[in-house]
Amino acid sequence: MNELNKNNDGIPQTAPIKSATFTDPINAEIRRAAATGIYDIRGGGAKRKVPHFDDLLFLGASISRYPLEGYREKCETKVTLGTRFAKKPIELDIPITIAGMSFGALSGPAKEALGRGADAAGTSTTTGDGGMTPEERGHSSKLVYQYLPSRYGMNPDDLRKADAIEVVVGQGAKPGGGGMLLGQKISDRVAEMRNLPKGIDQRSACRHPDWTGPDDLEIKILELREITNWQVPIYIKIAGARPYFDTTLAVKAGADVVVLDGMQGGTAATQDVFIENVGIPTLASIRPAVQALQDMGMHREVQLVVSGGIRTGADVAKALALGADAVAIGTAALVALGDNDPRWEAEYNALGTTAGAYDDWHEGKDPAGITTQDPDLMARFDPIAGGRRLSNYLKVMTLEAQTIARACGKNHLHNLEPEDMCALTMEASAMSGVPLAGTNWIPGRTGDY
Amino acid sequence: MQTLDMASTELREVNSTLQSQKADTNQRTWEIINPKGSHAIACGLDGPIEVTVRGSTGYYCAGMNKEATVNIDGSAGPGVAENMMSGKVIIEGDASQYAGATGHGGLLVIKGNASSRCGISMKGIDIVVHGNIGHMSAFMAQSGNLVVLGDAGDALGDSCYEARFFVRGKVKSLGADCEEKEMRPEHIEILKDLLERSGADAKPEEFTRYGSARTLYNFDVDNASAY
């Protein structure tokens, strides 16, 4: 054909149409799998489009309710986590925490920056698979210690240094899956902390080694409380999968706090097929979990922390309005530190990607020096400046959430409620349990208009 | 010897009393009577004391033990000595599932049999079982030594790393990437020491050593059938 859509005789032809099923990315993945024989491993959370907080809107004040004055009338942001059993609940200035990310997945300076930023904003950070480093304990005045299936680096001394313990049952990026840290990132220090040979692929178990089911978990929590003298809160982290039942069982097992991570929640590394096809969106996870707490009379008694795709103060406000007590951020915190910054575009290109799409965190070649153990790359990252950026970002998100809350007439972020919102799509309405905009209709619930 | 009677003393008080005994304590010998299968007895100990539990225990007895010696004059429930760091735990009877799970150090002696997943994900602990062990024992075991005077069940050492397994009896089957290994002089020495310290009546030469074939250490699609 010498002209698009015409043959050599100038007769119009059918335009070339690419398949909506066999898209360019799908075909590229088929070719990659055929060439390498390895499934695609990457970091981050689900990239597919799913109903999210963007599909909700706040209604704001009107004749029926009045707003609070911005910058003048107080809108509280404090939250206390772990009030059920712990002698020392965690008191935070803002309801935005830093989610669990491991030393190993992240560099030591990156962990330090998370601690610095969180401290400056008055919130907590969380360890990850691999144990507690002195850097993060030293720079985080409120540190949550994850209790993971692998038990890498687990020891009673660090357990007693923690301000809270988070028993990780599931993770939004990979409900039912374990962790993976490939050989490139197993440096001497990482290997020593995990009792493993240097340079091997490290597989973290998907199940805890010494309990199965909620009855066992209840006894495990008893043991953890006995070892820590009932001082610190015990969180249970679950993936967005069966949030009503998992929340119910977590409370039954004795959780002080339930951490609920939707499918947009990130991971350091796992199979792409896992990230994109297992678990449910954060938006769909919250209301069933809140309902479970309400049905047990435990809403606000057992606090709910929601994570997975929290990016803005609006997301924070919407999660809280749906019934969460706080949120956690992981991917957004890394972006605030400098992950995927366009300033490194030339180097991202050299790695075959582009700023904003870089997710091969497991390879340890992060140009931003955050998801790496390479000393030269790590040296690019300044933990003090990174901490400052994170602190700024956390404060901006808090101000944004307060702005919305005041507009809804609320003097505490926790006073936001589902009735302050409407949904833009039927899917978001059904998942979040707030009416479709302009109606009082929630698909699957009221049935009337 | 100090006595703690669990018929009249709450678990919290029992553990709090034992956990507060540090290196310089004068009260080094304790017994716990009427344990009645309670969970989490003598967990989180952190000093050179000796505790004898007169009876059987529930889950997680001596969990995360450091430095202490804990004798169980009975059988132990699941997760005994889980994540032990150091010290010694001796069980006169049998142990349920996950005995010594993720243990980082110390010596666990089970004079009876151990159930499934004994030594799962062990990270440096030494475990000596005078009897048999159940299936999937030493799953993902990372380091340390597991000594079995009797037989081992299915899938011993599945996906193990650098831990060593010494079995005197039969092994029903080996797990993925676990293989029989040559018994070299240094292994005989390790085994001799462990047998002596655990009061086991056996000769090192009677044992076969097993460990990782190391074929799964780095992903290779040609090994996919092993997963």
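These numbers were taken from a predicted model, which means no experiment stands behind them.

*Asks:* Outline the overall build of chain B, listing residues and values.
*Replies:* Counting its secondary structure elements, chain B contains two helices and eleven strands. Taken from the N to the C terminus, the helices and strands of chain B come in the order β-α-β-β-β-β-β-β-β-β-β-α-β. What you see for chain B is a C-alpha radius of gyration of 18 Å, in line with the 17 Å of a compact globule of 227 residues. If you line up chain B on its principal axes, its C-alpha atoms span 60 × 35 × 30 Å. Among the 227 residues that make up chain B, the fraction classed as buried is 56%. Considering only residue pairs separated by 6 or more positions, chain B has 25% of its internal contacts joining residues 24 or more positions apart.

*Asks:* Residue-level account of the overall build of chain A, with values.
*Replies:* Scanning chain A from N- to C-terminus turns up 15 helices and 16 strands. Relative to its length of 449 residues, chain A is compact, with a C-alpha radius of gyration of 23 Å against a globular reference of 22 Å. By its C-alpha atoms, chain A is 85 × 65 × 45 Å across when sized along the principal axes. A total of 449 residues make up chain A; the buried ones form 55% of that total. Long-range contacts, defined as pairs at least 24 residues apart, comprise 66% of the intrachain contacts of chain A with a sequence gap of at least 6.

*Asks:* Residue-level account of the domain arrangement of chain A, with values.
*Replies:* Partitioning chain A into domains gives domain 1 (1-38) and domain 2 (43-416). Here domain 1 of chain A and domain 2 of chain A have C-alpha centroids that lie 41 Å from each other.

*Asks:* An account of the interface of chain A and chain B is requested, with residue identities and associated values reported.
*Replies:* Counting residues at the interface gives 21 residues for chain A, matched by 35 residues for chain B. For the side of chain A that touches chain B, the leading source of residues is helix α6 (residues 213-227) of chain A, giving five residues. Partitioning the side of chain A that touches chain B into residue classes produces eleven nonpolar, five polar and five charged.

*Asks:* Could you give an account of the sheet that holds strand β7 (residues 143-147) of chain A, with specific residues and numbers?
*Replies:* Spatially, β5-β15-β14-β12-β11-β8-β7-β6 (chain A) is the arrangement adopted by the eight strands of the open sheet, whose pairing is parallel. What marks the edges here is a single partner per strand, and that holds for β5 (96-98) and β6 (125-126) of chain A.

*Asks:* Got a sec to walk through the environment of M85 of chain B? Specific residues and values, please.
*Replies:* If you trace the backbone, M85 of chain B turns up in the loop between β4 (69-72) and β5 (88-91). Linking M85 of chain B and H104 of chain B, residues 19 residues apart in sequence, is a C-alpha distance of 4.8 Å.

*Asks:* Can you break down the pairing of strand β13 (residues 267-271) of chain A residue by residue, with the values?
*Replies:* Residue and element names in this part refer to chain A. The element β13 is largely enclosed, with a buried count of four among its five residues. Sheet topology places strand β1 (residues 41-44) next to β13; three bridges connect them, and they run antiparallel. Looking across to β13, one finds that R42 is bridged to T270.

*Asks:* With reference to specific residues and values, describe the sheet that holds strand β3 (residues 50-54) of chain B.
*Replies:* Residue and element names in this part refer to chain B. One open sheet accounts for eleven strands, arranged β1-β2-β3-β4-β5-β6-β7-β8-β9-β11-β10; its pairing is mixed. Looking at which strands have only one partner, the edges of the open sheet turn out to be β1 (2-5) and β10 (178-181). In this sheet, adjacent strand axes meet at a mean angle of 15 degrees when their direction is disregarded. Against the sheet, helix α2 (residues 185-197) engages β6 (107-110), β7 (123-129), β8 (143-148), β9 (164-167) and β11 (208-212), with an angle of about 65 degrees to β8.

*Asks:* Can you tell me about the nonpolar core, naming the residues and giving the values?
*Replies:* Counting residues in each nonpolar core, the largest one holds 191 residues, and the members touching the most others are V258 and V327 of chain A together with A42 of chain B. Beyond its immediate chain neighbours, meaning those up to four positions away, V327 of chain A contacts P95, I96, V305, V306, S307, I310, V316 and A319 of chain A.

*Asks:* Any details on unusual backbone geometry? Residues and values, ideally.
*Replies:* Residue and element names in this part refer to chain A. Notably, W230 is not glycine yet its phi reads approximately 55 degrees, a positive angle. Relative to the assigned elements, W230 resides in the loop between α6 and β11 (234-239). A positive phi angle, close to 75 degrees, is found at R300, a residue other than glycine. For R300, the position within the fold is in the loop between α9 (282-295) and β14 (303-307).

*Asks:* Help me get a handle on the environment of D366 of chain A, residues and values and all.
*Replies:* Residue and element names in this part refer to chain A. As for its position among the elements, D366 is in the loop between α12 (345-350) and α13 (375-378). For D366, a count of 30 C-beta atoms within 10 Å puts it in the buried group. Remark: the alpha-carbon pair of D366 and D339, spanning 27 residues in sequence, is separated by 8.2 Å. If sequence neighbours within four positions are ignored, D366 has contacts with W361, T371, T372 and L377.

*Asks:* Describe the environment of T248 of chain A, and please don't skip the residues or the numbers.
*Replies:* Residues and elements named next belong to chain A. Residue placement: T248 occurs in helix α7 (residues 243-252). On the neighbour-count criterion, T248 (21 C-beta atoms within 10 Å) is buried. C-alpha of T248 to C-alpha of T83: the two residues are 165 residues apart in sequence and 17 Å apart in space. The contacts of T248, once residues within four sequence positions are left out, are A292 and M296.

*Asks:* How would you sum up helix α14 (residues 383-407) of chain A? Please name residues and give values.
*Replies:* Relative to the 36 Å expected for 25 residues at 1.5 Å per residue, α14 of chain A spans 36 Å between its end C-alpha atoms, a close match to the ideal helical length. Positive backbone phi, at 80 degrees, marks G409 of chain A, one or two positions downstream of α14 of chain A.

*Asks:* Quick one: what's the story with α9 of chain A, residue by residue and with numbers?
*Replies:* Residue and element names in this part refer to chain A. In this model α9 runs 20 Å from its N-terminal to its C-terminal C-alpha over 14 residues, within 8% of the 20 Å that 1.5 Å per residue would give. Here α9 lies mainly inside the structure; eleven of its 14 residues are buried. Here α9 has its buried residues at T282, L283, A284, S285, I286, R287, P288, A289, V290, A292 and L293. Against α7, β12 (257-261), β14, α10 (313-321) and α15 (426-432) lie the buried residues of α9. Where α9 ends, the next residue or the one after it, G297, has phi of about 70 degrees, a positive value.

*Asks:* Explain the packing of helix α2 (residues 108-121) of chain A against α14 of chain A residue by residue, including any values.
*Replies:* Residues and elements named next belong to chain A. In contact at an axis separation of 7 Å, α2 and α14 are set at 40 degrees when each is read in the N-to-C sense. Taken as axis vectors, α2 and α14 run oblique relative to one another. In this structure, the crossing between α2 and α14 has a hand that is right-handed. Contact residues: P109, E112, A113, L114, R116, G117, A120 and A121 in α2; P383, I384, G386, G387, L390, S391, L394 and K395 in α14. Classifying every residue of the contact of α2 with α14 by side-chain character gives nine nonpolar, four polar and three charged.

Cut-offs and rules
Residues numbered from 1 in each chain as written. Chains lettered and ligands numbered in written order. Predicted model: local features only at pLDDT ≥ 70, side-chain atom pairs only at ≥ 80, totals over all residues. Helix = DSSP H or I, 4+ residues; strand = E, 2+ residues; numbered from the N terminus. Rg over C-alpha atoms; globule rule 2.2 N^0.38 Å. Buried ≥ 20, exposed ≤ 12 C-beta atoms within 10 Å, placed from the backbone. Contact = placed C-beta atoms within 7 Å. Domains from an automatic or database assignment. Nonpolar A, V, L, I, M, F, W, Y, C, P; charged D, E, K, R; others polar. Pairing = 2+ DSSP bridges. Axes fitted to C-alpha atoms, helices over the stretch in contact; angles between N-to-C directions. Core = buried A, V, L, I, M, F, W, Y, C linked by C-beta atoms within 7 Å. Expected span 1.5 Å × (residues − 1). Parallel < 35°, antiparallel > 145°, perpendicular 65-115°, else oblique. Left-handed = near helix turned anticlockwise from the far one by under 90°.

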